[in-house]
Amino acid sequence: MYDFQVSDMTCAHCVATVERAVKSVDSAAKVNIDLGAHAVKIESDKPVEHFAKAIEDAGYIGELRG
């Protein structure tokens, strides 16, 4: 599981955009986004770098936690 801090998510549109970005890397990934905590948890076997790049390409800064 990958745990990202995405501090610049501020609304439901941001959540949808980040989720679409994650799903573009792995459509089967399990994604749990907590807007209040600015947390994005991803369950996938794809490399973490791909998710970090997809989040960045969507216009957000995703910092890997843990």
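Refer to the structure presented above.
The structure presented is a predicted model; accordingly, all values stated were derived computationally and were not measured.

### A look at the pattern of salt bridges
Here is step 1 of the chain: All told, the structure shown has 2 salt bridges when counted by the stated rule.
Here is step 2 of the chain: Where D57 meets K53, a salt bridge forms, and the shortest distance between an N and an O atom there is 2.9 Å. Here the residue D57 and the residue K53 both occupy positions in helix 2 (residues 48–57), the gap between them amounting to 4 residues, near one helical turn.
Here is step 3 of the chain: Looking at D57, the relative accessible area reads 55%, which means it is exposed.

### Observations regarding the side chain of D26
Here is step 1 of the chain: Turning to its location among the elements, D26 is positioned in the loop between helix 1 (12–25) and strand 2 (30–34).
Here is step 2 of the chain: Of the side chains with opposite charge, K46 lies nearest to the buried D26, which makes no salt bridge, at 5.4 Å.
Here is step 3 of the chain: At a separation of 3.0 Å, a polar atom in the side chain of D26 contacts the main-chain amide nitrogen of A28.
Here is step 4 of the chain: Here S44 takes part through its side chain, which lies 2.5 Å from a polar atom of the side chain of D26.
Here is step 5 of the chain: What D26 contacts, discounting residues up to four positions off in sequence, is S44, D45, K46 and F51.

### A look at the nonpolar core
Here is step 1 of the chain: Within the largest apolar cluster, 16 residues are counted, with the highest numbers of intra-cluster contacts made by F4, M9, V18, V40 and I42.
Here is step 2 of the chain: Among the elements of the structure, strand 1 (2–5), helix 1, strand 3 (39–43) and helix 2 are those that each provide at least two residues to this core.
Here is step 3 of the chain: Other than its neighbours up to four places away in sequence, I42 contacts M1, Y2, F4, V22, A29, K30 and F51.

### Points about the packing of aromatic side chains
Each aromatic ring pair is described using two quantities: the centre-to-centre distance and the angle formed by the ring planes.
Here is step 1 of the chain: Using the criterion set out here, one finds 1 aromatic pair in the structure.
Here is step 2 of the chain: Note on Y2 and F51: the rings are 5.9 Å apart at their centroids and 45 degrees apart in plane angle, and the pair reads as tilted. You can see Y2 sitting in strand 1 and its partner F51 sitting in helix 2, a full 49 residues away along the chain.

About the thresholds
Residues numbered from 1 in each chain as written. Predicted model: local features only at pLDDT ≥ 70, side-chain atom pairs only at ≥ 80, totals over all residues. Heavy atoms only, no water. Salt bridge = Lys/Arg side-chain N within 4 Å of Asp/Glu carboxyl O. Helix = DSSP H or I, 4+ residues; strand = E, 2+ residues; numbered from the N terminus. Buried < 20%, exposed > 50% of the residue type's maximum accessible area, 1.4 Å probe, protein only. Lys, Arg positive; Asp, Glu negative; His and termini not counted. Polar contact = N/O pair within 3.5 Å; in protein donor to acceptor, adjacent residues only side chain to side chain. Contact = heavy atoms within 4.5 Å. Core = buried A, V, L, I, M, F, W, Y, C linked by side-chain atoms within 4.5 Å. Phe/Tyr/Trp six-rings, centres within 6.5 Å; stacked < 30°, edge-to-face > 60°.

Shape descriptors only; they carry no functional weight alone.
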